[in-house]
Amino acid sequence: MSNVKAIFSHLDSLIDAIDELKSSGHTDFAVTAPLPRHEIEELIYEGQPSPVRWFTLTGALFGGIMGFALCSITHLNWPMIIPAGKPLVSIPAFIVITFESTVLWGCMFTLAGLLYHCRLPAKDMDPELEDPRLSDDVFGMVVRNLDSERAAEMKSILDGHGAIETSITGVRLA
Amino acid sequence: MEYPSNNAEAMVDTELSYRQVTTDVLEPLFKFSKAYWAGLTLVLLGLAYGGFCIIQQLVWGLGVAGYSQPVFWGLYITTFVFWVGIGHAGTLISAVLFLFRSKWRTGVYRAAEAMTIFAVMTAALFPALHVGRMWNAYWLFPYPNQRQLWQNFKSPLMWDVFAVSTYFTVSTIFFYIGLIPDFAAIRDRTRGAISKVYAGLAIGWRGTDRQWRHYMAAYGFFAAFATPLVLSVHSVVSWDFAMAQTAGWHSTLFPPYFVAGAIFSGCAMVITLLMPLSVIFKWDKYINEWHFEHLAKMCLLTGAILTYAYVMEHFIAWYSDNPYEWGIFKYRAVGDYWWVFWIMVVCNCVIPLVWWWKKARTNYWCLWIVSIFINIGMWFERFNIIASSLAHQFDPAAWTYYLPNYIEIGVLIFSFAWFFLWFLLFVKVMPSVAIAEVKELLPPPLRTDAKEAAK
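Numbering of residues begins from 1 in every chain and follows the order in which that chain's sequence is written. Working convention: letters from A go to chains and numbers from 1 go to ligands, in the order in which they are written. Predicted model: local features are reported for residues with pLDDT of at least 70 only, side-chain atom pairs are reported and counted for 80 or more only, and whole-chain, interface and lining totals are derived from all residues.

Visitor: Just to check I follow, could you spell out the overall build of chain B for this structure?
Guide: Helix and strand content of chain B: 17 helices and zero strands. On C-alpha atoms alone, chain B measures out to a radius of gyration of 24 Å, which is about the 23 Å that the 2.2 N^0.38 rule sets for 455 residues. Once the C-alpha set of chain B is aligned to its principal axes, its extents read approximately 90 × 55 × 45 Å. Within chain B, the fraction of its 455 residues that count as buried is 47%. With C-beta atoms placed from the backbone, a contact is any residue pair whose C-beta atoms sit within 7 Å. Residue pairs at least 24 apart in sequence account for 82% of intrachain contacts in chain B once pairs closer than 6 positions are excluded. Here a helix means four or more residues in a row that DSSP labels H or I, a strand means two or more in a row labelled E, and each is numbered from the N terminus. Values of the radius of gyration come from C-alpha atoms, whereas the globule rule sets the reference at 2.2 Å times the count of residues to the power 0.38. Partly exposed residues are those falling between the two cut-offs: more than 12 but fewer than 20 other C-beta atoms within 10 Å of their own, whereas 20 or more means buried and 12 or fewer means exposed, with C-beta atoms placed from the backbone.

Laid out in structure tokens, this is it:
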């Protein structure tokens, strides 16, 4: 199976190419951009939110519960006699640590979710994408797993959409 | 389909190309001029003198600092609060203004965020220095002693440990995540060992649709988490004081008063740092008077809140008819520390007023000099709060007059040298302007435009 790599210097050319790929039903492709452009994301994922948010929610809930539990359990574990009937487990006094723990763990889980879903850290993710121009000023596309006939066809489609450079690359192993 | 650029107002040159942005921002990296080495030498001298003072204190104990009963919070806590406050503007600019979709943050947020991290790293030195036996500073962290007794989580000092360490961690994650696409740009623009180092830092970032999708989602969440931290961290710092029964401290006004002061001083520090950066690196395409004017306006707003707080705490002290409270506020204005109080008032409430005049807030010299006055004023504000209240407590027999001695001044110099050391290193190894985000401000390259131009 072959991959087709294309470089676009214009955003609208890239968007048209993605549109055609999607309408042809071929979904095994990746697009790169040196900056976040929401058009690309909207077109490919059709407004579906990133699942990273579930990590965020889980982390924040975990952190909040952990923070409050840390304060409460440690105070109950060593019950000091506090004058004036003040409670051992005091919500106002524990709010700050509960809040800080919520934020801290929410962030940690979001980071974990981000790395997991972006498949980072990564090495040699797509050899075609190891092109220094892609972090600079052009948009890239790799259409994966095409047989040789379809690859040639794809190359001409992408050329037709104004790719400034297209190439068919070899077998992708992993 | 329409392809909007984010350039809502003319703050960056829309004629720039993506490539030009990468080139301009990476231009100053790894190039060290004579002026840079001179600056670094100055910083190292500061570190050497400050380091000597810290070693004195380590060897001889906290007695070599100028503390005298009953003033045991002096210059170290003053400087701790000063540096934590400085950090706030960075988070405000990077997170809060991100959520508000404020465009002017783009050029300045990276350096402001770096400032936050270095300021918190500087602030974190002071609790360790202040406890004297700094080899025991790890006792601050939550773990039980041999008798299973944990720290007192009802203590504001413990809250502060959580607040500052969370703030540092979250700011660092936010900073690093923002840098990943730019590290990838450096990786692709350099060769050899440098490229390998940045390849490691970029952790395999290729800017794919999948990566950007999750990245933008996560970035929003980090911003949402960092936003309440802007308000909470300095509120918690203020409770270090406000929870105590000391006259002049025990006030519900403290959290908003401290937060406004923190943002005020932080925005001033951003002006102090970024103006030379913009001029020396010739980055007026990215950071220009438009940005500085916004920062100055932010200072005007927070400075007004701060002035209101100064007036109000004096008014309430008088109106409360509490002799101790009114006594300390009179003492601050006309007592031994009158000069501290009036430096604070002049630098924070009077001098920045020139910025109400547009010409003054768009003039580089005026902006820079006033921003330095604000930095000075904000340091004296914390000294005014801390030293005067402790030196003049309830029992007149215990009244004293505290001034920092040469050891403490040395540590203050150390803190500035330490902060500037990190900042100087930062501007030469990391892009001080966010490359990917500045590109977002440019109109995207379109084939339709090219066709129209050809016609």
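Don't stop here, the text continues.
Visitor: What am I meant to see in the overall build of chain A here?
Guide: From N to C terminus, chain A includes five helices and four strands. Computed over C-alpha atoms, the radius of gyration of chain A comes to 25 Å, more than 25% over the 16 Å expected from 2.2 N^0.38 for 174 residues, which places it beyond the range of a compact globule. The principal-axis extents of the C-alpha atoms in chain A amount to approximately 85 × 30 × 30 Å. Residues counted as buried form 43% of the 174 residues belonging to chain A. Partitioning the intrachain contacts of chain A with sequence separation of at least 6 by distance along the chain shows that 82% fall at a separation of at least 24.

Visitor: Would you take a moment to explain the nonpolar core for this structure?
Guide: One recurring pattern in soluble globular proteins: nonpolar side chains tend to sit buried together. Residue and element names in this part refer to chain B. Definition of nonpolar core: a set of buried Ala, Val, Leu, Ile, Met, Phe, Trp, Tyr and Cys residues joined via C-beta atoms within 7 Å. Counting 177 residues, the largest nonpolar core has M115, V170, C267 and V270 as its most contacted members. In this structure M115 touches I86, G90, M269, V270, L273 and F423, once residues within four positions along its chain are discounted. Counting residues in each nonpolar core, the second largest holds five residues, with A247, I328, F329 and Y331 among its members.

Visitor: Help me out: how do you make sense of helix α2 (residues 34-60) of chain B in this one?
Guide: Since the α-helix packs 3.6 residues into each turn, any two residues three or four apart lie on the same face. All names here are of chain B. Helix span, as expected, comes to 1.5 Å for every residue beyond the first. The first and last C-alpha atoms of α2 sit 39 Å apart over 27 residues, in line with the 39 Å expected at 1.5 Å per residue. Turning to α2, its buried residues are V43, G46, G50, C53 and Q57. Lining the buried residues of α2 we find α15 (406-429). G61, located one to two residues past α2, shows a positive phi value of around 95 degrees.

Visitor: For this particular structure, what's the right way to read the sheet that holds strand β1 (residues 2-8) of chain A?
Guide: Sheet strands associate in pairs through backbone hydrogen bonding, adopting either a parallel or an antiparallel arrangement. Residues and elements named next belong to chain A. Strand pairing is assigned whenever DSSP detects at least two bridges linking the two strands. Spatial ordering of the open sheet is given by β2-β3-β1-β4, a layout of four strands whose pairing is antiparallel. Strand pairing shows two members of the sheet lacking a second neighbour, β2 (29-32) and β4 (165-169), which therefore form its edges. Here the average twist between neighbouring strands, direction ignored, is 15 degrees. The sheet contact formed by β1 and strand β3 (residues 139-146) spans six bridges and is antiparallel. The residue of β3 that forms the bridge with S2 is L146. Fitting a line to C-alpha atoms yields each axis, with helices limited to the stretch in contact; the angle taken between N-to-C directions then spans 0 to 180 degrees.

Visitor: What is the right way to read the interface of chain B and chain A from this model?
Guide: Many descriptions give the size of an interface as the accessible area lost when the pieces come together. On the chain A side, the residues contacting the 55 residues of chain B number 60 residues. For the side of chain B that touches chain A, the secondary-structure elements that each account for two or more residues are α1 (18-26), α6 (156-189), α8 (209-242), α16 (435-441) and α17 (447-454) of chain B.

Visitor: How should I be thinking about α15 of chain B in this particular structure?
Guide: Residues and elements named next belong to chain B. Here α15 spans 34 Å end to end across 24 residues, near enough to the 34 Å set by a 1.5 Å rise per residue. Those residues of α15 not exposed but buried are I407, E408, G410, V411, L412, F414, S415, A417, W418, F419 and F423. Structurally, α15 contributes buried residues whose contacts are with α2, α3 (75-99), α4 (105-123), α5 (125-130) and α9 (254-280).

Visitor: Mind showing me how you'd approach unusual backbone geometry here?
Guide: Among all residues save glycine, negative phi is the norm, and among peptide bonds the norm is trans. Of the consecutive residues L120 of chain A and P121 of chain A, the connecting peptide bond is found in the cis state with omega at -5 degrees. For the bond running from Q69 of chain B to P70 of chain B, omega is 0 degrees, close enough to zero to count as cis. We note that R119 of chain A has phi near 55 degrees; this positive angle belongs to a residue other than glycine. For R119 of chain A, a count of 13 C-beta atoms within 10 Å gives the class partly exposed. Phi at K282 of chain B takes a positive value of approximately 55 degrees, unusual for a residue other than glycine. The topology assignment puts K282 of chain B in the loop between α9 and α10 (289-319).

Visitor: What exactly am I supposed to notice about the packing of helix α4 (residues 91-118) of chain A against α6 of chain B here?
Guide: Any two packed helices are characterised by the angle at which their axes cross and by the distance between the axes. Viewed as axis vectors pointing N to C, α4 of chain A and α6 of chain B meet at an angle of 20 degrees, and their least axial separation amounts to 9 Å. Relative to α6 of chain B, the element α4 of chain A lies roughly parallel. Along this stretch, α4 of chain A crosses α6 of chain B, giving a crossing that reads as left-handed. Touching V96, I97, E100, V103, L104, C107 and L111 of chain A of α4 of chain A are W159, F162, A163, T166, T169, V170 and I173 of chain B, all from α6 of chain B. Under the convention adopted here, Pro, Cys and the residues Ala, Val, Leu, Ile, Met, Phe, Trp and Tyr are nonpolar, Asp, Glu, Lys and Arg are charged, and Gly plus all remaining residues are polar. Counted by class, the contact of α4 of chain A with α6 of chain B contains eleven nonpolar, two polar and one charged residues. Throughout, the term roughly parallel applies to angles under 35 degrees, roughly antiparallel to angles over 145, roughly perpendicular to angles from 65 to 115, and oblique to all others. Helix crossings are classified by the rotation of the near helix relative to the far one: an anticlockwise turn of less than a right angle makes the crossing left-handed, while a clockwise turn makes it right-handed.

Visitor: It is not clear to me how the packing of α3 of chain B against α15 of chain B should be interpreted in this structure. Could you clarify?
Guide: Residues and elements named next belong to chain B. For the pair α3 and α15, the least separation of the axes is 10 Å and the interaxial angle reads 15 degrees. In this view, α3 runs roughly parallel relative to α15, as classed from their interaxial angle. Considering only the axes of α3 and α15, their crossing is right-handed. Between α3 and α15, the residues in contact are L75, Y76, T79 and W83 and E408, V411, L412 and S415, respectively. Split into classes, the residues belonging to the contact of α3 with α15 amount to five nonpolar, two polar and one charged.

Visitor: What is the right way to read the environment of W399 of chain B from this model?
Guide: Residue and element names in this part refer to chain B. Structurally, W399 can be placed in the loop between α14 (364-391) and α15. Accessibility expressed as a C-beta count within 10 Å gives 14 for W399, which makes it partly exposed. Linking W399 and V438, residues 39 residues apart in sequence, is a C-alpha distance of 56 Å. With near-sequence residues (within four places) excluded, W399 lies in contact with A391 and H392.

Visitor: Any chance you could explain the confidence of the model for chain B here in plain terms?
Guide: A low pLDDT score tells you not to read the predicted coordinates there in detail. All names here are of chain B. pLDDT: the predictor's confidence for each residue, scored from 0 to 100. Mean pLDDT for chain B: 92, with 96% of residues reaching 70 or above. Taken element by element, chain B is modelled with least confidence in α17, mean pLDDT 70, and with most confidence in helix α12 (residues 338-350), mean pLDDT 97. Both scores are available for the predicted complex, with the pTM at 0.94 and the ipTM at 0.94.

Visitor: Looking at this structure, I do not really get the pairing of β3 of chain A. What am I missing?
Guide: It is a general feature of regular strands that their side chains alternate between the two faces of the sheet. Residue and element names in this part refer to chain A. Extensive coverage of β3 is indicated by the burial of six of its eight residues. Bridging between β2 and β3 involves four bridges; their strand directions are antiparallel. Of the residues in β3, the one forming a bridge with T32 is G140.

Visitor: What is the right way to read the environment of A60 of chain A from this model?
Guide: All names here are of chain A. On the secondary structure map, A60 appears in helix α3 (residues 52-77). A tally of 22 C-beta atoms within 10 Å means that A60 is categorised as buried. When the C-alpha positions of A60 and F99 are compared, they lie 9.2 Å apart, and in sequence the two are 39 residues distant. Discounting residues that sit within four places of it in the chain, A60 has contacts with T102, W105 and G106.

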